[in-house]
Amino acid sequence: MAALIALAFSLGAPLAQASELDHEIDQLKAQVAQHSAAVYTFEQKILYPASTRLAVFLTQVGQAALSLDAVELFLNGQPVTSHLYSERERDSLEQGGVQQLFVGNLPNGEHELKIVVSARSVKDTYVRREAIHRFEKRPGSTRLQLSLDAPAPDFAPRVSLVDWK
């Protein structure tokens, strides 16, 4: 009987140590998560400093007047992003959602942004529109709003770009 009690105490010690070790592992995981978040924030400040940042956001004005297929952006003649839309993303934009299409660095001065939109209109015709927006990048963060609309009666897609304050 004494041997069984001694065996039980000897098995209890590793369980207590394992519990302590689990607690330490959980604390280390929490610290790693905090450090990871700090590194990500620091990385964003280095990669996209506010003084040179350009961000382009997409909104859709008309509801169900335009079924968006794809958007492509070219900055100073170079492709910077393209996106194919799922049904869920289309629904989100039609309900007033905003999509961040592009974030990058850009030196101050004159620039050209070319937008290519592929979509289907209410009349079920496939349309492709190109729009060019020339703008001057000034010190500080620049945010542009790309709005898509297809007003009645012809439902022809219109692309507009404005500075987003």
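Residues numbered from 1 in each chain as written. Predicted model: local features only at pLDDT ≥ 70, side-chain atom pairs only at ≥ 80, totals over all residues. Heavy atoms only, no water.

**Considering the overall build of the chain**
- Secondary structure assignment for the chain yields two helices and eight strands.
- Of the regular secondary structure in the chain, the N- to C-terminal order runs α-β-β-β-α-β-β-β-β-β.
- Counting all 165 residues of the chain, 30% fall into the buried class.
- Accessible surface for the chain amounts to roughly 10,700 Å². Of this, 57% is attributable to carbon and sulfur atoms. (Helix = DSSP H or I, 4+ residues; strand = E, 2+ residues; numbered from the N terminus. Buried < 20%, exposed > 50% of the residue type's maximum accessible area, 1.4 Å probe, protein only. Areas by Shrake-Rupley, 256 points an atom, 1.4 Å probe, with all protein chains shown as cover.)

**Quick notes on the pairing of strand β5 (residues 109–121)**
- Pairing geometry for strand β2 (residues 66–75) and β5, over nine bridges, is antiparallel. In the sheet register, Ser67 faces β5, and the bridge partner there is Arg120.
- With 12 bridges joining them, β5 and strand β6 (residues 126–137) adopt antiparallel strand pairing. The residue bridging Glu110 from the neighbouring strand is Glu136, located in β6. (Pairing = 2+ DSSP bridges.)

**Section: the pairing of strand β3 (residues 78–84)**
- With zero of its seven residues buried, β3 lies for the most part at the surface.
- Across six bridges, β2 lies against β3 in antiparallel orientation. Paired with Glu72 across the bridge in β3 is Ser82.

**As for the nonpolar core**
- In terms of nonpolar packing, the biggest core is built from 25 residues, with Val56, Leu58, Leu68, Val71, Leu113, Ile115 and Leu146 touching the most fellow members.
- When contributions to this core are tallied by element, the ones reaching two or more residues are β1 (53–60), β2, β4 (99–105), β5, β6 and β7 (142–149).
- The dominant element in this core, judged by the number of residues it contributes, is β2, at five residues.
- Once you skip the residues sitting within four places of it in the chain, Leu58 turns out to touch Leu68, Val71, Tyr85, Leu93, Gly97, Val98, Gln99, Leu101, Leu146 and Leu148. (Core = buried A, V, L, I, M, F, W, Y, C linked by side-chain atoms within 4.5 Å. Contact = heavy atoms within 4.5 Å.)

**Side note on the sheet that holds β7**
- Strand order in the open sheet formed by four strands is β4-β1-β7-β8, and the pairing between neighbours is mixed. Looking at strand neighbours, the two that pair on one side only are β4 and β8 (158–163), the edges of this open sheet. Averaged over all neighbouring strand pairs, the angle between strand axes comes to 20 degrees, with direction disregarded.
- Across six bridges, β1 lies against β4 in antiparallel orientation. Along β4, the bridge assignment pairs Ala55 with Val103. (Axes fitted to C-alpha atoms, helices over the stretch in contact; angles between N-to-C directions.)

**Details of the environment of Leu47**
- Following the sequence through the fold, Leu47 ends up in helix α1 (residues 2–47).
- Residues Leu47 and Asn105, 58 residues apart in the sequence, show an inter-C-alpha distance of 7.8 Å.

**Describing the confidence of the model for the chain**
- On average, residues of the chain score 82 in pLDDT, and 84% of them reach the 70 mark or higher.
- Averaged over each element, pLDDT in the chain is lowest for α1 (74) and highest for β3 (94). (pLDDT = per-residue confidence, 0-100.)

**As for the side chain of Thr59**
- Structurally, Thr59 can be placed in strand β1.
- Only 3.1 Å separates the side chain of Thr59 from the side chain of Ser147, close enough to count as a polar contact.
- Thr59 has contacts with Gly97, Val98, Gln145, Leu146, Ser147 and Leu148, leaving out every residue within four places of it along the chain. (Polar contact = N/O pair within 3.5 Å; in protein donor to acceptor, adjacent residues only side chain to side chain.)

**Notes on the environment of Leu93**
- Topologically, Leu93 is positioned in helix α2 (residues 87–94).
- Distance from Leu93 to Ser67, taken between C-alpha atoms, is 9.9 Å for residues 26 residues apart in sequence.
- Setting aside its immediate chain neighbours within four residues, Leu93 contacts Leu58, Gln60, Leu68, Tyr85 and Gln99.

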